[in-house]
Amino acid sequence: MKRLREENINTKEYFDDQFDDKPIDMVNLLRQEKYLEHVKNGDKVVELGCGLSYFPEMARLHGAYSYGLDFSEKAVNKLIESFPKTNFVIGDATKTPFDSAEFDVVVSGEVLEHIEVPQTLIDEMARICRPGGKIIISTPHLEFDDPEHIWEFDEQDLIDLMSPYGY
């Protein structure tokens, strides 16, 4: 893991401002479509740090009982308004209100690089994922300088973060 910057601007207030004028992304769905390949009809699915992601709605339309969680109240309220049949929760992705082993599939896309202590997100994902369930993580291969990204990961870093839970 490589720390990219000392300052962490990833606060609720920062993301509330970022999401104020942004639409829900229902166009650039390649990453979410890959996640969906791991979701079966009837699965209970959650996306942690969902922001304005369309994935929780995609999973619901695919037959899953679906949740999205984000700490941005503005993002969650937009999602609730747009997709009233999907469950959205305001909360911290590293300390969720969910029960242990509650979900069949736990997703966190493009979030890990924003977390001050990345292992806390991995630990929470493992806690709420049922034994034999799936944890899906994506993080960018940094090709540009994004002030929101405080970490950069390679494949071995992700394997190391997941090692307490199996590969």
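Quick caveat, the model's predicted, so the values are computed rather than measured. Each chain carries its own residue numbering, running from 1 in the direction its sequence is written. Two thresholds apply to this predicted model, a pLDDT of at least 70 for residue-level local features and 80 or more for giving and counting side-chain atom pairs, whereas whole-chain, interface and lining totals are computed over all residues. The side-chain numbers reported here are obtained from all heavy atoms of the structure, hydrogens and water having been left aside.

## Focus: the pairing of strand S3 (residues 65-70)
Threshold: In this scheme, a residue with accessible area under 20% of its type's maximum is buried, one over 50% is exposed, and one in between is partly exposed, where area comes from a 1.4 Å probe on protein chains only. Strands are runs of DSSP state E lasting at least 2 residues, helices are runs of H or I lasting at least 4, and numbering of each runs from the N terminus. Think of it this way: DSSP has to see at least two bridges between two strands before they count as a pair. Handedness rule for crossovers: strands pointing away from the viewer, path from the first strand over the helix to the second running clockwise, crossover right-handed.
Counted residue by residue, S3 has five buried out of six residues, so it is predominantly covered. Where strand S2 (residues 44-48) meets S3, five bridges bridge the pair, whose relative direction is parallel. Across the sheet, residue Glu47 finds its bridge partner in S3, namely Gly68. Following the backbone out of S2, through helix H3 (residues 55-61) and into the adjacent parallel S3, one traces a crossover that is right-handed. Of the strand pairs in this sheet, S3 and strand S4 (residues 87-90) are connected by four bridges, and their pairing is parallel. By the bridge assignment, Tyr67 is partnered in S4 with Asn87. Taken together, S3, helix H4 (residues 73-82) and S4 form a β-α-β motif whose crossover is right-handed.

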